[in-house]
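What follows is the residue order along each chain.
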Amino acid sequence: MAIVKNHSGCYVQFTVLFLIGSLLLFPLPSQSSDPDPLQDFCIGDTKSELSVNGFPCKPATKVTSDDFFFDGLSKEGNTSNPFGSIVTQGNVEEFPGVNTLGIAMNRVDIAPGGLNPPHSHPRATEIGVLINGKLLVGLITTGDVYYSKILTPGQMFVIPKGLIHFQMNIGEEKALIFTAFNSHLPGAVVVPLNLFLSKPSVPDDVLKKAFQVEKTVIDEIKSKLGA
Ligand code: GLV
Ligand code: MN
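Residues numbered from 1 in each chain as written. Chains lettered and ligands numbered in written order. Predicted model: local features only at pLDDT ≥ 70, side-chain atom pairs only at ≥ 80, totals over all residues. Heavy atoms only, no water.

## Comments concerning the overall build of the protein
Summing up its helical and strand segments, the protein has 4 helices and 12 strands in all. By the burial criterion, 30% of the 227 residues in the protein qualify as buried. Across the protein, the fraction of contacts at a sequence separation of at least 24, relative to all contacts at a separation of at least 6, is 67%. Here the protein displays about 14300 Å² of accessible surface, and carbon together with sulfur accounts for 61% of that area. (Helix = DSSP H or I, 4+ residues; strand = E, 2+ residues; numbered from the N terminus. Buried < 20%, exposed > 50% of the residue type's maximum accessible area, 1.4 Å probe, protein only. Contact = heavy atoms within 4.5 Å. Areas by Shrake-Rupley, 256 points an atom, 1.4 Å probe, with all protein chains shown as cover.)

Okay, structure coming up:
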C-alpha cells in the first residue's frame, strides 16, 4: 500500500482509496443480473436464427405500441395437473418487449391443496405478492436451512437467486400470486421434473442411489408425474 503526501500536507493511503474507487465505478458482474441495455429498447425478434445473449432487436421502424404491452397474465391458468398448480410466464419468450431489460413476471395459479413444486431460477432473484388465498412459501438455503411463512393477500416474499423454493395453497380457495424477476429469462429448474422426466432419462441406478429407494419407487414416481 502506497502512502503519499498531498498538497495540503495530508497523508493518503493511495492503494486503498484506488481500490474503493474502482469498486464503486466498476461494480463486479456478480453484483448485477442481466447486463444493462445499450439502447432505449430492443423488442426481441424471437424468431431470429441468430443466437446472441438475449434476442436480436426487431428493427425500430417496425416497433409498435403493442410491443410494450402483454395480456398473457390476465387469464387464470388451468390447474388440472398432478401438482394442482400452473405458472403462466411473462418472460422474453412470451413478451419480447422485456428483451435486454433484465426483468420478467409470472402469474401462478394454485388450486386448494395444490403445490408449485420445489424449483429454482438459475439466473434471477424472485419477488412475489399474494393476491388471493392462503399460501405457505418455503425456501431452502445451500446450507440446508429451511425458511418459510404463511402468507395472506397483499403479503410478499423474496427468493434469493438460485435457491430452491415452493408455494403451497393451504387455504380453502384458489391462490393467485404474481412474481417478478431481475432477468428477462430467469430459467426454472423444477426439481421433480428435472430429475425424473429428463430426456434422455437420468439412469435409474443414479436415482435409486440418490434417494436410497428401490426401482419400483422410481417407476411409481415417474408414472405419477406422467412419464
Ligand atoms: C414462483 O415461484 C415462480 O417462479 O413464479
Ligand atoms: Mn419461482
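## With respect to the packing of aromatic side chains
On inspection of all chains with the given rule, the structure shows 4 aromatic pairs. Seen in terms of ring centroids, Phe70 and Phe95 are 5.0 Å apart; in terms of plane orientation they differ by 10°. Their pairing is stacked. Of this pair, Phe70 sits in the loop between α1 (14–25) and β3 (85–90) while Phe95 sits in the loop between β3 and β4 (104–110); the two residues are 25 residues apart in sequence, bridging distant segments of the chain. By relative accessible area, which is 16% here, Phe95 ends up buried. (Phe/Tyr/Trp six-rings, centres within 6.5 Å; stacked < 30°, edge-to-face > 60°.)

## Looking at the coordination of the manganese ion (ligand 2)
Around the manganese ion (ligand 2), the protein contributes the donor atoms His119 (NE2), His121 (NE2), Glu126 (OE) and His165 (NE2), at 2.1 to 2.2 Å from the metal centre. Angles of 73 to 171° at the metal separate the 6 donor atoms of the manganese ion (ligand 2), which places the site in the octahedral class. Within one chain, the residues serving as donors to the manganese ion (ligand 2) are arranged as H-x1-H-x4-E-x38-H. Here Glu126, found in strand β6 (residues 126–132), pairs with His165, found in strand β10 (residues 164–169); they are 39 residues apart in sequence, far enough to count as distant. Take Glu126: its relative accessible area is 3%, and that puts it in the buried class. With relative accessibility at 0%, the residue His165 sits in the buried group. (Donors = N, O, S within 2.8 Å, 3.2 Å for Na, K, Ca; no water. Tetrahedral: all angles 85-135°; square planar, octahedral: opposite > 155°, others 65-115°.)

## Concerning the state of the cysteines
Taken as a whole and judged by the stated rule, the model has 1 disulfide. Shown here is the disulfide that connects Cys42 with Cys57, its sulfur atoms set 2.1 Å apart. Around the S-S axis, the bridge from Cys42 to Cys57 shows a dihedral of about -105° and counts as left-handed. Of the two residues, Cys42 is situated in the loop between α1 and β3 and Cys57 in the loop between α1 and β3; the sequence distance between them amounts to 15 residues. (Disulfide = S-S within 2.5 Å.)

## Things to note about the packing of helix α3 (residues 204–211) against helix α4 (residues 215–224)
The interhelical angle for the contact between α3 and α4, taken along N-to-C directions, is 105°, at an axis separation of 9 Å. One element, α3, and the other, α4, form an angle in the roughly perpendicular class. Between α3 and α4, the contacting residues are Asp204, Leu207 and Lys208 on the first element and Lys215, Ile218, Asp219 and Lys222 on the second. A class-by-class count of the residues in the contact of α3 with α4 yields 2 nonpolar, no polar and 5 charged. (Axes fitted to C-alpha atoms, helices over the stretch in contact; angles between N-to-C directions. Parallel < 35°, antiparallel > 145°, perpendicular 65-115°, else oblique. Nonpolar A, V, L, I, M, F, W, Y, C, P; charged D, E, K, R; others polar.)

## Observations concerning the nonpolar core
Within the largest apolar cluster, 12 residues are counted, these being Val108, Ile110, Leu130, Leu135, Val137, Leu139, Leu151, Phe157, Ile159, Leu163, Ala175 and Ile177. When residues of this core are traced back to their parent elements, those giving at least two are β4, β7 (135–140), β9 (156–159) and β11 (175–181). The element best represented in this core is β7, accounting for 3 residues. Not counting the four nearest positions on each side in its chain, Phe157 is found in contact with Glu126, Ile127, Gly128, Val129, Val137, Leu151, Gln167, Ile177 and Thr179. (Core = buried A, V, L, I, M, F, W, Y, C linked by side-chain atoms within 4.5 Å.)

## What to know about the pattern of salt bridges
For the coordinates displayed, the defined rule picks out 8 salt bridges. Of the charged contacts, one joins Lys58 and Asp67 as a salt bridge, the two residues approaching to 2.9 Å between their closest N and O atoms. Because the salt bridges share partners, they merge into one network encompassing Asp204, Lys215, Asp219 and Lys222. (Salt bridge = Lys/Arg side-chain N within 4 Å of Asp/Glu carboxyl O.)

## Some remarks on the UniProt feature "binding site: oxalate" (unreviewed entry) in the protein
Here, UniProt's "binding site: oxalate" (unreviewed entry) annotation points to Asn106, Asn116, His121 and Glu126. Taking the farthest pair of C-alpha atoms as the criterion, the annotated set spanning 21 residues converges on one region, since that pair is 14.1 Å apart. Of the annotated positions named here, the largest pocket is lined by Asn106, Asn116, His121 and Glu126. If you trace the backbone, His121 turns up in the loop between β5 (115–120) and β6. Given a relative accessible area of 5%, His121 falls into the buried group. Those residues in contact with His121 that lie beyond four places of it in its chain are Glu126, Lys161, Gly162, His165, Phe181, Pro186, Gly187 and Ala188. In this structure the side chain of His121 is engaged in a polar contact, spanning 3.3 Å, whose partner is the side chain of His119. In this structure Glu126 touches His119, His121, Phe157, Val158, Ile159, His165, Gln167, Thr179, Ala180 and Phe181, once residues within four positions along its chain are discounted. (UniProt positions renumbered as here; feature names shortened; annotations may be inferred. 1 Å grid on protein atoms, 1.4 Å probe; cavity = no way out; pocket = protein on both sides within 12 Å on 5 of 7 lines; lining within 4 Å. Polar contact = N/O pair within 3.5 Å; in protein donor to acceptor, adjacent residues only side chain to side chain.)

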